[in-house]
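A structural walkthrough
What follows is the residue order along each chain.
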Amino acid sequence: MLWSIIKIVVFLGLVVAVTFGASYLLELDGGVRIVMAGVELNLTPMKAVIGFVLLLVLVWLLLKLASLLIAVLKFINGDETAISRHFDRNRQEKGYRALTEGMMALASGDGNTAMSRASKAERYLKKPELTTLLTAQAAELSGNRAKAEEAYKRLVANKDTRFVGVRGILRQKLVDGDTETALKLAETAFGLKPAHPEIQDALLQLQTQKADWTGARATLNAKLKHGTLPRDVHKRRDAVLALSEAREVAEEGRDIAAREIAIEANRLSPHLVPAAVMAAHSYIDQGNKRYAARVIRKAWDAQPHPDLAAVFAAIEPDETPTQRRKRFDKLIKLKPDHREARLLDAELHIAKEDFPAARRALGDLAESDPDARVLTVMAAIERGEGAPDAVVKGWLARALTAPRGPQWICDKCLHIHADWVPACENCHAFDTLAWKSPPASSIAMPTGVEMLPLIVGQLEDQRAKAEKSSAEAATDTTDAKVIDAEIVEEAKNDDTARVPDR
């Protein structure tokens with residue numbers, strides 16, 4: 001409202017000023033005299049002002065016509081002009097519209113539509129970094145691998161889109177299983193963008209598959225440096241890589257270097273069981289039994305494991321069962337209620353031939369958490385206490401079909417490994433193995449092994465019934481003999497009684 005009032009006031013002011021100026025010019029004496037080529041013009045002040053204004057308008061129009069003529073000539077010549085810019089804007093508008101439609105089609109999973117829109121956008125736009133990328137992704141979505149690879153190669157040729165092209169080809173090579181080429185591409189992409197998390201993970205996985213432990217440790221340090229990996233996880237995975245390197249060095253026969261790397265791996269992650277085992281063996285080889293025992297106790301406190309117990313026994317290989325049981329007592333007391341500690345305690349008592357103590361140490365594991373090892377220990381206890389063979393065979397038969405207990409299992413794909421490895425043998429995931437029991441499953445046993453406990457029990461019942469029947473038969477035979485003897489005796493008495501009467 002206020003702005004409208006201001007505009008009205010300004011307009012009225014201009015009208016008043018023009019009116020006042022015109023009145024002033026009309027009342028002014030004299031004029032303007034123009035003489036040219038024998039022609040003389042006498043203009044009043046009013047006419048002179050109007051003529052001057054018309055002259056300015058004419059000059060402006062002439063200049064505009066001249067610029068238009070120059071623009072037409074430039075357009076014909078191919079130079080940039082307002083006309084060419086007009087057509088360029090139209091092409092860009094169509095190109096960006098096609099690009100937008102292609103991106104929407106790509107997001108919705110319509111690969112064919114995305115490819116057609118990408119081709120249209122490529123015709124209208126001169127931005128290969130956009131249209132070529134859309135073409136590559138649309139070709140991948142529609143299954144045209146060759147066209148996608150061609151588009152990615154065009155992106156590699158441009159320094160601004162080189163990383164995108166290398167990453168696209170890397171993904172294709174990973175799908176194809178060409179790890180050799182994929183490793184080279186991952187190294188190139190890592191050199192272009194070392195902070196890219198996906199490239200870091202891909203390079204680390206490929207390096208672990210190729211057993212390039214030194215390169216893998218450098219990649220792991222880059223992940224820590226760029227903040228894509230927590231420090232505690234970095235320390236554990238660095239220990240895993242160091243342990244793998246130590247194993248490789250040991251296989252090459254360089255025992256001293258292997259011992260040093262193994263001890264470093266244990267220092268980085270004292271709770272890593274394989275690293276603790278290898279470090280303890282290294283200390284034992286050096287004759288440093290105290291350090292070996294310290295390493296085992298620290299790892300056992302974090303996670304009891306049978307490999308730790310085995311290397312702890314190797315510290316004193318010539319000790320008696322009683323001495324071993326006494327030395328292991330400190331280890332068992334660290335985790336007295338843990339399943340592995342109870343099993344270890346029971347096995348040590350069996351070695352001492354103290355079978356009641358072994359049964360007490362085992363507790364209710366045979367009922368609450370039975371596996372092959374627990375049931376086998378129970379069979380040994382029953383044998384040691386003098387139980388019948390059928391009872392021992394029953395426990396062993398149950399052990400055949402029982403779960404194997406904790407094993408090295410990949411957290412990602414649940415693949416079971418016989419021994420610890422740094423990367424899963426099935427899905428190649430790095431540092432995903434954990435010591436735990438596999439998921440319970442019902443497995444069909446066509447050989448009838450799962451019937452063994454029942455069969456053994458039936459045999460025992462039949463044996464008991466047979467023994468009972470034999471005992472009853474013997475009793476009946478004895479009773480019959482007694483009855484016959486009584487009948488004979490009575491007959492003799494009767495004969496004796498009848499003799500005097502005759």
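Small disclaimer: the values here were computed from a predicted structure and weren't measured.

1. Topic: the overall build of the chain
Along its length, the chain carries 22 helices and five strands. Within the chain, buried positions represent 32% of all 502 residues. When contacts within the chain are restricted to residue pairs at least 6 apart in sequence, those whose partners lie at least 24 apart make up 47%. Per element, the accessible surface of the chain, about 31,100 Å² overall, is 58% carbon and sulfur.

2. Considering the nonpolar core
A general feature of soluble globular proteins is that nonpolar side chains tend to end up buried together. Among the nonpolar cores identified, the biggest contains 52 residues, and L308 and F328 are the most heavily contacted of them. It is helix α13 (residues 273-285) that contributes the most residues to this core, nine residues altogether. When near neighbours in sequence (up to four residues on either side) are disregarded, L308 contacts V273, A276, V277, I296, A299, W300 and Q303.

3. Quick look at the packing of α13 against helix α15 (residues 306-314)
Two elements in contact, α13 and α15, have axes whose closest approach is 10 Å; the angle formed by their N-to-C orientations is 5 degrees. With respect to their mutual orientation, α13 and α15 come out roughly parallel. Contacts from V273, A276, V277, A280, H281 and I284 of α13 reach α15 at D307, L308, V311 and A314. A class-by-class count of the residues in the contact of α13 with α15 yields eight nonpolar, one polar and one charged.

4. Thoughts on a positive patch on the surface
On the surface, a cluster of positive charge is made up of R290, R294, R297 and K330. It is helix α14 (residues 289-302) that provides the largest number of residues to the positive patch, a total of three residues. Here R297 is to be found in helix α14. Among the residues examined, R297 registers a relative accessible area of 31% and is labelled partly exposed.

5. Side note on the sheet that holds strand β4 (residues 416-417)
Ordered by their spatial adjacency, three strands build an open sheet running β4-β3-β5, and the pairing between neighbours is antiparallel. Each edge of the open sheet is held by one strand with a lone partner, namely β4 and β5 (433-436). The pairing of strand β3 (residues 407-410) with β5 spans four bridges and is antiparallel. The partner of C410 across the bridge, within β5, is L433.

6. Section: the pattern of salt bridges
As enumerated under the stated definition, the model contains 28 salt bridges in all. Linking R154 and E150 is a salt bridge whose minimum nitrogen-to-oxygen distance equals 3.7 Å. You can see R154 and its partner E150 sitting in helix α6 (residues 145-157), four residues apart, about one turn around the helix. With relative accessibility at 36%, the residue R154 sits in the partly exposed group. Overall, E150 belongs to the partly exposed group, its relative accessible area being 46%. Ionic pairing is found between E316 and K289, a salt bridge with its closest N-O pair at 3.5 Å. You can see E316 sitting in the loop between α15 and α16 (321-334) and its partner K289 sitting in helix α14, a full 27 residues away along the chain. Residue classification places K289 among the partly exposed positions, given a relative accessible area of 39%.

7. Observations regarding the packing of α16 against helix α17 (residues 339-351)
In helix packing, the relevant descriptors are the interaxial angle and the interaxial distance, both defined with respect to the helix axes. Close contact between α16 and α17 brings their axes to 9 Å; oriented N to C, the two are set at 165 degrees. Classed by the angle they form, the pair α16 and α17 counts as roughly antiparallel. In this structure, α16 meets α17 at a crossing whose hand is left-handed. Mapping the contact onto sequence places P321, R324, R325, F328 and I332 in α16 and A341, L344, D345, L348, H349 and A351 in α17. Looking at the contact of α16 with α17 residue by residue, the classes come out as seven nonpolar, one polar and three charged.

8. Concerning α16
An α-helix turns once per 3.6 residues; consequently, residues spaced three or four apart project the same way. In this model α16 runs 20 Å from its N-terminal to its C-terminal C-alpha over 14 residues, within 8% of the 20 Å that 1.5 Å per residue would give. The largest bend in α16 amounts to roughly 35 degrees and is located at F328. For α16, the set of buried residues is R325, F328, L331 and I332.

9. Section: the side chain of Q207
Secondary-structure assignment places Q207 in helix α9 (residues 197-209). Filtering out sequence-adjacent residues up to four positions away, Q207 remains in contact with L183, D212, G215, A216 and T219.

10. Structural notes on a nonpolar patch on the surface
Together, V49, F52, V53, L56, V57, W60 and L61 make up an exposed nonpolar region whose accessible area comes to about 660 Å². Along the chain, V57 turns up in helix α2 (residues 45-77).

11. Quick word on the confidence of the model for the chain
Interpretation of this model should avoid reading the predicted coordinates in detail wherever pLDDT is low. On average, residues of the chain score 81 in pLDDT, and 84% of them are at 70 or above. Every residue in residues 490-502 is under pLDDT 50, and counting partners more than four places away or in other chains gives zero contacts.

Conventions we followed
- Residues numbered from 1 in each chain as written.
- Predicted model: local features only at pLDDT ≥ 70, side-chain atom pairs only at ≥ 80, totals over all residues.
- Heavy atoms only, no water.
- Helix = DSSP H or I, 4+ residues; strand = E, 2+ residues; numbered from the N terminus.
- Buried < 20%, exposed > 50% of the residue type's maximum accessible area, 1.4 Å probe, protein only.
- Contact = heavy atoms within 4.5 Å.
- Areas by Shrake-Rupley, 256 points an atom, 1.4 Å probe, with all protein chains shown as cover.
- Core = buried A, V, L, I, M, F, W, Y, C linked by side-chain atoms within 4.5 Å.
- Axes fitted to C-alpha atoms, helices over the stretch in contact; angles between N-to-C directions.
- Parallel < 35°, antiparallel > 145°, perpendicular 65-115°, else oblique.
- Nonpolar A, V, L, I, M, F, W, Y, C, P; charged D, E, K, R; others polar.
- Patch = residues over 30% accessible without salt bridge, like charges linked within 9 Å, V, L, I, M, F, W, Y side chains within 5 Å.
- Salt bridge = Lys/Arg side-chain N within 4 Å of Asp/Glu carboxyl O.
- Lys, Arg positive; Asp, Glu negative; His and termini not counted.
- Charge placed at Lys NZ, Arg CZ, Asp CG, Glu CD.
- Pairing = 2+ DSSP bridges.
- Left-handed = near helix turned anticlockwise from the far one by under 90°.
- Expected span 1.5 Å × (residues − 1).
- Bend = angle between axes of the 7 residues up to and from the residue.
- pLDDT = per-residue confidence, 0-100.

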